[in-house]
Amino acid sequence: AQSVSQHNHHVILSEAASLELGCNYSYGGTVNLFWYVQYPGQHLQLLLKYFSGDPLVKGIKGFEAEFIKSKFSFNLRKPSVQWSDTAEYFCAVNVFRSSASKIIFGSGTRLSIRP
Amino acid sequence: NAGVTQTPKFRVLKTGQSMTLLCAQDMNHEYMYWYRQDPGMGLRLIHYSVGEGTTAKGEVPDGYNVSRLKKQNFLLGLESAAPSQTSVYFCASRTRKGRDGNTGELFFGEGSRLTVL
């Protein structure tokens, strides 16, 4: 069965530090990849997505992610974080098949930014 | 445009009681999903539906049932609640394909916090 792994459970950074959150998935076929963010007390919102083409995708609020097929990875990055980036971040994978269309999430990474 | 609406938002149950969570979306989305969110475990897929009248099991379906009698509604039922089902439940929906022809973006409800004593 496909799975999504986020190895960093809690990351603490100071403002202006650079961010990289890891995401690995276990499926060898065609996948669609997503990063969602959940701000405190809110529901999940889409940050960015990858379907095909340029493996470096840019999302909202200065976030970007790089798809590396050989490593089954889709890491999220931001050059300089802000206090408002404090949230929980989820990587998700849609296994692309003609029938069933499950979207599986990782366990999430909680990001805390020190002002 | 309400998007995805979940009711109720909060509920406390005693072990063995039953209840139904309702998810309604007004975006004419084909696909609907129920997830549960627990600390350190992220979102786990309970059941999903790819269209009216069809449902399928996700990662953690035991103890839950679902129905999709109308395209806009997706009901999650607990027949006999257990403390292990204490969680925050999220409903989500999406189109089969987005405007760019790829997998549609998931739109989430605000969550339903369920406590089973």
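This text goes with the structure placed above it.
Because the structure is predicted, anything quoted here is derived from the model rather than measured.

Draft legend 1. Representation of the packing of aromatic side chains within the structure. Counted by the stated rule, this structure contains 15 aromatic pairs over all chains. Arranged with centres 6.1 Å apart and planes meeting at 35°, the rings of F34(A) and Y36(A) form a pair that is tilted. Each member of the pair, F34(A) together with Y36(A), is buried. Both rings, one in Y64(B) and one in Y89(B), keep their centres 5.9 Å apart while their planes meet at 65°; by these two values the pair is edge-to-face. Residue Y64(B) is found in the loop between strand 6 (54-57) and strand 7 (65-67), and its partner Y89(B) is found in strand 9 (residues 87-94); the two are separated by 25 residues along the sequence. By relative accessible area, which is 0% here, Y89(B) ends up buried. Chaining the aromatic ring pairs together yields one cluster made of F34(A), Y36(A), F51(A), F105(A), Y33(B), Y35(B), Y48(B), F90(B) and F108(B).

Draft legend 2. Spatial organisation of the sheet that holds strand 7 of chain B. Residue and element names in this part refer to chain B. What the four strands build is an open sheet, ordered 1-3-8-7; its pairing is antiparallel. Every interior strand has two partners, whereas the edge strands, strand 1 (4-7) and strand 7, have only one. When strand polarity is set aside, the average angle formed by the axes of neighbouring strands in this sheet is 20°. Where strand 7 lies against strand 8 (residues 73-78), three bridges are found, and the strand directions are antiparallel. For S67, the partnering residue across the bridge sits in strand 8 and is L75.

Draft legend 3. Representation of the pattern of salt bridges. The full count for this structure, using the stated rule, is six salt bridges over all chains. With its nearest N and O atoms 2.8 Å apart, the salt bridge here joins R36(B) to D38(B). When its relative accessible area of 8% is taken as the criterion, R36(B) is described as buried. A salt bridge links R44(B) to D38(B), with the shortest nitrogen-to-oxygen separation between them at 2.9 Å. Owing to a relative accessible area of 10%, D38(B) belongs among the buried residues under this scheme. Shared partners join several salt bridges into a network, and the residues in it are K58(A), E64(A), E66(A) and R77(A).

Draft legend 4. View of the pairing of strand 5 (residues 42-51) of chain B. Residues and elements named next belong to chain B. Along strand 5, eight of the 10 residues are buried, which leaves the element largely enclosed by surrounding structure. Across seven bridges, the pairing between strand 4 (residues 31-38) and strand 5 is antiparallel. Within strand 5, the residue paired with Y33 across the bridge is Y48. Where strand 4 folds back on strand 5, the antiparallel hairpin that results is connected by three residues, among which G40 adopts a positive phi of roughly 80°. Bridge count between strand 5 and strand 6: three bridges; the pairing is antiparallel. Paired with H47 across the two strands is K57, which belongs to strand 6. Connecting the antiparallel pair strand 5 and strand 6 is a turn made up of two residues, with G53 showing a positive phi of about 85°.

Basis of the calculations
- Residues numbered from 1 in each chain as written.
- Chains lettered and ligands numbered in written order.
- Predicted model: local features only at pLDDT ≥ 70, side-chain atom pairs only at ≥ 80, totals over all residues.
- Heavy atoms only, no water.
- Phe/Tyr/Trp six-rings, centres within 6.5 Å; stacked < 30°, edge-to-face > 60°.
- Buried < 20%, exposed > 50% of the residue type's maximum accessible area, 1.4 Å probe, protein only.
- Helix = DSSP H or I, 4+ residues; strand = E, 2+ residues; numbered from the N terminus.
- Pairing = 2+ DSSP bridges.
- Axes fitted to C-alpha atoms, helices over the stretch in contact; angles between N-to-C directions.
- Salt bridge = Lys/Arg side-chain N within 4 Å of Asp/Glu carboxyl O.

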